[in-house]
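# A look at the structure
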Amino acid sequence: VCSSDLDHEDDDDSDHSSSANDLKDAFKQASSNSPNNLTSETQESWEEKKDDLIKQDGVGYLYTNIPEIDGHKWVIPHKQIHEGGNGFIGLSEIAMRGGRWGYIPSVSRETILMEANKFRSENTAVISYMVKEFEMRKAADLYSRSSIAKTGVINTNKLHTYKYNDDLFKRITNVPSGKNHGLVMFIDWSGSMTNSIAGLIEQLINMVLFCKRVQIPFDVYAFTNSYQMNNQDVSNNINVSKHDYKKGDLIVNPHLALLQLLSSSMKSIEFNQAIGNLLMFRRFFKNTNDSIDGRPFNFGSTPLDSAIICATSIVNTFRTKYKLQIVNTVILTDGDCTDDPDVFDTPWNRWNQRLVVRDTVTKSEHVIEDVWDKDSVTSIFLNRLRERTGTNVIGYYLHSGKARPSTLAAYFADPVELEKQHNNFLKNKYAEITTRGYSVYYIIKAEEMIIRNDELILGKATTAKSIAKVFAKYSKNKMDNRIVLSRFIEKISA
């Protein structure tokens, strides 16, 4: 074999080896690009981040449902509230006795009705003025939303202008119909309200008198956990707790009672009697420093969240009953809810478990990070109330004393803005906030709740212009003094 032949054979082996290596590299490249070897960036990201989701503090989650309850089971109807019966003492009897223990001289039923008529007479003029203001606001709003359209019918009064006028058709103004409103009101009936209850009753009666004049249906409830019969807990005597809870359901306070103080469904004689009863009840807090022993109407704590849960079915039934387009739910308190959430048939460690609140209809979920943060907890139930009913939720918070309301500081961190809001509070007797789960939330000076029917004093006003100026200021003060009603009118007239 020639050496040259051997050299050629070595060259062939080299070429074969190089080709094999090239094939291997090509195969590896093809394999790496095959679908079976594709990598997922999402999966890789999840693997990298999933450890971050593990709570290192050892805190877990407890899932609970808001039950579908009939809130009317917690309602004490107005007939029982005012007349009593079945072992209950009504407001009429307490009013006629002057309180259970005679703090104030007893009165007759005729005196109670006279008190109601007197109050209505004293407030008729200003209520009429506020009705007029309301109708003017509504008319202005409707006018702003009205439109003018051609009818397609020739206006014969314009025929003589045909040579220079192309528009000979009649026009019509389309005014949208106003929306019909309703009012459902929930009042805090707690011990801290006793200093404000006299003014609250006056504000409340002005509110319902206005609603009657403008034909707005209304129901007014006081929520409490201390309604008693024969010195016993209410839950032992009436069926307020009968709900078929399921494991993991939130529990409505079993001591809750919704006292139906006033309603547009009352007959005229019932309505006047109810107003008189409340005015007599008011006397106990205007003439004594202490709360009366007015069982079963003693003041307790504030089961606000339970009342809001019950409000969902109450508001929806109210809307259907009166065929309303808009329901305004008013909640008036002087403090936060005093209850902690409780779960049916499920142990819950408040320190090591966060509560996840679920709505079984809307499927929404909310995490309660801190059960002692009452504002955050209540806002969950308020948002659910708005979602499930479409209602406007108007909140009133009664602030007592001269100190700056802490609520303002919670929502206006900027010192300049906080000072501005505080000055507005001092000047107008209220501040307005659009948070906390309410459609609008008013902070009101509790001392301004008592209604003053001062006489018009002209003083040095002698000319028509100066007298008109004094009268305008006098009328404005009367409206501002009815602060709950005036804020309500402002919201529903737009």
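Source: prediction; values computed, not measured.

### Notes on the environment of Glu93
- Within the secondary structure, Glu93 is located in helix α4 (residues 91-97).
- C-alpha separation for the pair Glu93 and Asn277, spaced 184 residues apart in sequence, amounts to 8.8 Å.

### Here's the deal with the packing of aromatic side chains
- Tallied over the entire structure, the rule returns 10 aromatic pairs.
- Members of the aromatic cluster, joined through ring pairs, are Trp189, Phe281 and Phe299.
- Taking the ring centre of Phe271 as reference, the NZ or CZ of Lys212 above it sits at 4.7 Å.

### Overview of the pattern of salt bridges
- Inspection of every chain in the model, using the stated rule, returns 12 salt bridges.
- Here Glu270 ties to Lys79 by a salt bridge, and the two come within 2.4 Å at their closest N and O atoms. In this pair, Glu270 is assigned in helix α7 (residues 268-286) and Lys79 in helix α3 (residues 78-83), connecting sequence segments 191 residues apart.
- Overall, the relative accessible area of 22% leaves Glu270 in the partly exposed class.
- Here Lys79 falls in the exposed class, since its relative accessible area comes to 51%.
- Between Asp340 and Lys374 there is a salt bridge; the shortest N-O distance is 2.5 Å. Placement of the pair is Asp340 in the loop between β10 (326-333) and β11 (353-359) and Lys374 in helix α9 (residues 374-389), with a sequence separation of 34 residues.

### Side note on the pairing of β10
- Judged by how many residues are buried, β10 sits mostly within the fold: eight of eight residues are covered.
- Burial along β10 is two-sided: Ile326, Asn328, Val330 and Leu332 and Val327, Thr329, Ile331 and Thr333, pointing in opposite directions, are all buried.
- Across seven bridges, the pairing between strand β5 (residues 181-188) and β10 is parallel. Counterpart to Ile187 in the pairing with β10 is Leu332.
- In terms of strand pairing, β10 meets strand β13 (residues 392-399) through six bridges, oriented parallel. Bridge pairing in β13 links Thr329 to Val393.

### Here's the deal with helix α6 (residues 197-213)
- Spanning 17 residues, α6 covers 24 Å between terminal C-alpha atoms, matching the ideal 24 Å at 1.5 Å per step.
- The buried fraction of α6 is high, at 15 of 17 residues.
- Of the residues flanking the end of α6, it is Gln215, one or two places downstream, whose phi is positive at about 60°.

### Quick notes on a nonpolar patch on the surface
- Together, Tyr61, Tyr63 and Val367 line one region of the surface with nonpolar side chains, adding up to about 270 Å² of accessible area.
- Along the chain, Tyr63 turns up in strand β1 (residues 60-66).
- Exposure remark for Tyr63: the relative accessible area of 42% places this residue in the partly exposed category.

### So, the sheet that holds β13
- Taking strand neighbours across the sheet as the criterion, the eight strands line up as β2-β9-β6-β5-β10-β13-β15-β14 in an open arrangement whose pairing is mixed. The open sheet has two edge strands with one neighbour each: β2 (75-76) and β14 (430-433).
- Here six bridges tie strand β6 (residues 218-224) to strand β9 (residues 257-263), and the two strands are oriented antiparallel to one another. Bridge pairing links Val220 to Leu262 in β9.

### Some points on the sheet that holds β11
- Read from one edge to the other, the open sheet built from three strands follows the order β1-β11-β12, with strand pairing classed as mixed. Two strands in the sheet have a free side with no partner beyond their single neighbour: β1 and β12 (365-368). Pairs of neighbouring strands in the sheet enclose a mean axial angle of 25°, with direction left out of account.
- With four bridges connecting them, β11 and β12 associate as antiparallel partners. Bridge assignment links Val356 to a residue of β12, and that residue is Val367.

### Quick notes on the confidence of the model for the protein
- Of the residues in the protein, 68% have a pLDDT of 70 or more, and the chain-wide mean is 77.
- In the predicted structure, residues 173-178 sits below a pLDDT of 50 and forms 14 contacts with residues beyond four places in sequence or in another chain.
- A low-confidence stretch, residues 229-240 stays under pLDDT 50, and its non-local contacts, those more than four residues away or across chains, total 24 contacts.

### Examining the nonpolar core
- Among the nonpolar cores identified, the biggest contains 67 residues, and Leu259, Leu262, Phe281 and Phe488 are the most heavily contacted of them.
- Among the elements that take part in this core, α6 stands out by supplying 10 residues, more than any other.
- Judged by nonpolar contacts, the second largest core, of 49 residues, contains Val184, Leu258, Tyr438 and Tyr441.

### Structural notes on the side chain of Arg482
- Within the secondary structure layout, Arg482 lies in the loop between α12 (464-481) and α13 (483-492).
- Buried and without a salt bridge, Arg482 has Glu122 as its closest oppositely charged side chain, separated by 7.7 Å.
- One polar contact links Arg482 to Asn206, side chain to side chain, over a distance of 3.0 Å.

### Points about the packing of helix α8 (residues 304-322) against α9
- Between α8 and α9, the shortest axis-to-axis distance is 9 Å and the interhelical angle comes to 10°. The orientation of α8 relative to α9 falls into the category roughly parallel. Residue-level inspection shows Leu304, Asp305, Ile308, Ile309, Ala311, Thr312, Val315, Asn316 and Arg319 of α8 in contact with α9, the latter providing Val377, Thr378, Phe381, Leu382, Arg384, Leu385, Arg388 and Thr389.
- Of the residues that constitute the contact of α8 with α9, the class distribution is nine nonpolar, four polar and four charged.

So, how was this worked out
Residues numbered from 1 in each chain as written. Predicted model: local features only at pLDDT ≥ 70, side-chain atom pairs only at ≥ 80, totals over all residues. Heavy atoms only, no water. Helix = DSSP H or I, 4+ residues; strand = E, 2+ residues; numbered from the N terminus. Phe/Tyr/Trp six-rings, centres within 6.5 Å; stacked < 30°, edge-to-face > 60°. Lys NZ or Arg CZ within 6 Å of the ring centre and 35° of its normal. Salt bridge = Lys/Arg side-chain N within 4 Å of Asp/Glu carboxyl O. Buried < 20%, exposed > 50% of the residue type's maximum accessible area, 1.4 Å probe, protein only. Pairing = 2+ DSSP bridges. Expected span 1.5 Å × (residues − 1). Patch = residues over 30% accessible without salt bridge, like charges linked within 9 Å, V, L, I, M, F, W, Y side chains within 5 Å. Areas by Shrake-Rupley, 256 points an atom, 1.4 Å probe, with all protein chains shown as cover. Axes fitted to C-alpha atoms, helices over the stretch in contact; angles between N-to-C directions. pLDDT = per-residue confidence, 0-100. Contact = heavy atoms within 4.5 Å. Core = buried A, V, L, I, M, F, W, Y, C linked by side-chain atoms within 4.5 Å. Lys, Arg positive; Asp, Glu negative; His and termini not counted. Polar contact = N/O pair within 3.5 Å; in protein donor to acceptor, adjacent residues only side chain to side chain. Parallel < 35°, antiparallel > 145°, perpendicular 65-115°, else oblique. Nonpolar A, V, L, I, M, F, W, Y, C, P; charged D, E, K, R; others polar.

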